Amino acid sequence: MVHAAADAASQEKGEGMNAIGVFRSCFACRNGCPRQGSLVPSSMGLVKLEGSHKHFEAPAGHSLSGLEGFSHVWLLWAFHNYKSKKDRSPRVKPPRLGGQSLGVFACRSPKRPNKIGMSACRIERIDEENGTLLVSGHDLLDGTPILDLKPYIPQYDSFPDAKVPDWVNQPKSLNRAGVAASSVAVDFDDDVLKDLESLSLGSTLFRDAESMRETIRGVLAADPRSRTSKKHETQDYGFKLDNVYVSCSFRQNTENELSVVVTEVAPLQEST
């Protein structure tokens, strides 16, 4: 009975957690959002802390003081936009395993008892006055609730001799036979590069057209399509990135080579 009471109390405290802020992301939806932020180091996002005195007795921006001495930060956040009918299953099917299943605690699937995510991101800019933190190399959707921030400390957080199972290191881009593609070539039509120059001026997160182009390249090089979609030899694909909609076409060239051409980038309001 004592253990049961303790468990119940612990669950109540967990459910009572409140977001300390919200994340403004260049990724508006799951389609096109990388599965790990490090796959697209040029992706940009902004942590906006809660402006009221809800969590602190002084302005929330003061909580960022001292963080400028660190290059990276851990973001702890909530999967606010994820719904599944199999949330209570103890086993999941990671994309890299091609349909095979394993325990939920042996992977980073969002199908978890508590919808908590964690991402190590590079710190780009800190604004204590406005309570904002600009970061890069993330995998969060726009509107994601931020639960906590913790500085990344290599002495504690990095284990160079750590080991992982073989499936973690294999490429995730699969051809029609379910075999991992060794490379994904990403190209841009000439008109796309010209359009990015002008469209990037309206971006609220990216510094210039080059950073937007590299983010698009990073997203597509990791082949963000679903496992089912990867069975097609050719496929049109699109995703939202900050203020633009990106259209492209995938093509399976050989068994181990996949190419994708970005055919258009258009203002978001004209493509939705």
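The rules behind each value
- Residues numbered from 1 in each chain as written.
- Predicted model: local features only at pLDDT ≥ 70, side-chain atom pairs only at ≥ 80, totals over all residues.
- Heavy atoms only, no water.
- Helix = DSSP H or I, 4+ residues; strand = E, 2+ residues; numbered from the N terminus.
- Polar contact = N/O pair within 3.5 Å; in protein donor to acceptor, adjacent residues only side chain to side chain.
- Core = buried A, V, L, I, M, F, W, Y, C linked by side-chain atoms within 4.5 Å.
- Buried < 20%, exposed > 50% of the residue type's maximum accessible area, 1.4 Å probe, protein only.
- Domains from an automatic or database assignment.
- Contact = heavy atoms within 4.5 Å.
- Patch = residues over 30% accessible without salt bridge, like charges linked within 9 Å, V, L, I, M, F, W, Y side chains within 5 Å.
- Areas by Shrake-Rupley, 256 points an atom, 1.4 Å probe, with all protein chains shown as cover.
- Salt bridge = Lys/Arg side-chain N within 4 Å of Asp/Glu carboxyl O.
- Lys, Arg positive; Asp, Glu negative; His and termini not counted.
- Charge placed at Lys NZ, Arg CZ, Asp CG, Glu CD.
- Pairing = 2+ DSSP bridges.
- Axes fitted to C-alpha atoms, helices over the stretch in contact; angles between N-to-C directions.
- pLDDT = per-residue confidence, 0-100.
- Expected span 1.5 Å × (residues − 1).

Student: Would you take a moment to explain the side chain of His138 for this structure?
Tutor: Position of His138 relative to the elements: it lies in the loop between β7 (132-136) and β8 (144-151). There is a polar contact of 3.1 Å between the side chain of His138 and the backbone nitrogen of Leu140.

Student: So what exactly am I meant to see when it comes to the nonpolar core here?
Tutor: A general tendency of soluble globular proteins is for nonpolar side chains to be buried together. Grouped together as the largest cluster of nonpolar side chains are 32 residues, with contacts concentrated most on Ile216, Leu220, Phe239, Leu241, Val246, Val262 and Val265. For this core, the elements supplying multiple residues, two or more each, are β2 (44-49), β9 (183-188), α4 (190-199), α5 (209-221), β10 (234-241), β11 (244-254) and β12 (257-267). Sorting elements by how many residues they give to this core places α5 first, with five residues. Three or more residues apiece are contributed to this core by two domains, here domain 1 (21-80 + 115-151) and domain 2 (170-267). Once residues within four sequence positions are removed from consideration, Leu241 is found in contact with Cys26, Phe27, Phe206, Met212, Thr215, Ile216 and Val246. The next biggest cluster of nonpolar side chains, apart from the first, holds 17 residues, and it includes Val73, Leu75, Trp77 and Cys121.

Student: What is the right way to look at a negative patch on the surface in this model?
Tutor: A cluster of acidic residues, Asp187, Asp189, Asp190, Asp191, Asp195 and Glu264, forms a negative patch on the protein surface. Ranked by the residues each element gives to the negative patch, the list is headed by α4, at three residues.

Student: Would you mind showing me how to read the side chain of Ser25 here?
Tutor: Within the element layout of this structure, Ser25 appears in strand β1 (residues 21-25). What makes Ser25 buried here is its relative accessible area of 8%. At 2.9 Å, the side chain of Ser25 forms a polar contact with the backbone nitrogen of Phe27. Here Leu140 takes part through its backbone oxygen, which lies 2.6 Å from a polar atom of the side chain of Ser25. When near neighbours in sequence (up to four residues on either side) are disregarded, Ser25 contacts Met44, Gly45, His138, Leu140, Leu141, Asp142 and Leu205.

Student: I would appreciate a short explanation of the sheet that holds β7 in the present structure.
Tutor: Whenever strands of a sheet pair, they do so through backbone hydrogen bonds, lying parallel or antiparallel. Strand order in the closed barrel made by the six strands is β1-β2-β7-β6-β3-β8, with antiparallel pairing throughout. On average, each strand axis in the sheet is tilted by 45 degrees relative to the strand beside it, whichever way the strands run. Pairing between strand β3 (residues 72-78) and β8: five bridges, direction antiparallel. Its bridge partner lying in β8, Leu76 is registered against Asp148.

Student: Can you help me understand the confidence of the model for the protein in this one?
Tutor: Detailed reading of the predicted coordinates is not advisable wherever pLDDT is low. Across the protein, the average pLDDT comes to 85, with 87% of residues at or above 70. For the stretch residues 1-14, pLDDT sits under 50, and the model shows zero contacts to residues farther than four places along the chain or on other chains. For residues 173-180, every residue scores under 50 in pLDDT, and the model assigns this stretch 26 contacts once sequence neighbours within four places are set aside.

Student: Help me understand α5, please; the structure alone is not making it clear to me.
Tutor: Every α-helix carries 3.6 residues per turn, so stepping three or four residues along brings you back to the same face. The end-to-end C-alpha distance of α5 is 18 Å, a good match for the 18 Å that 13 residues give at a rise of 1.5 Å each. Residues Ala209, Ser211, Met212, Thr215, Ile216, Gly218, Val219 and Leu220 constitute the buried set of α5. Its buried side turned inward, α5 meets β9, α4, β10, β11 and β12. Capping the start of α5, Asp208 holds a side-chain oxygen 3.3 Å from the backbone nitrogen of Glu210, two or three residues further along. Phi for Asp223, located one or two positions after α5, is positive at around 50 degrees.

Student: Would you mind going over the sheet that holds β9 with me for this structure?
Tutor: Pairing is mixed across the open sheet formed by four strands, whose spatial order is β9-β12-β11-β10. Of all strands in the sheet, those with a lone pairing partner are β9 and β10, marking the two edges. The average undirected angle you get between the axes of adjacent strands in this sheet is 25 degrees. The pairing of β9 with β12 spans six bridges and is classified as parallel. The partner of Ser183 across the bridge, within β12, is Glu257. Packed on one face of the sheet, α4 meets β9, β11 and β12 and runs near 45 degrees to β12. Seen against the sheet, α5 touches β9, β10, β11 and β12 and runs at an angle of roughly 145 degrees to β9.

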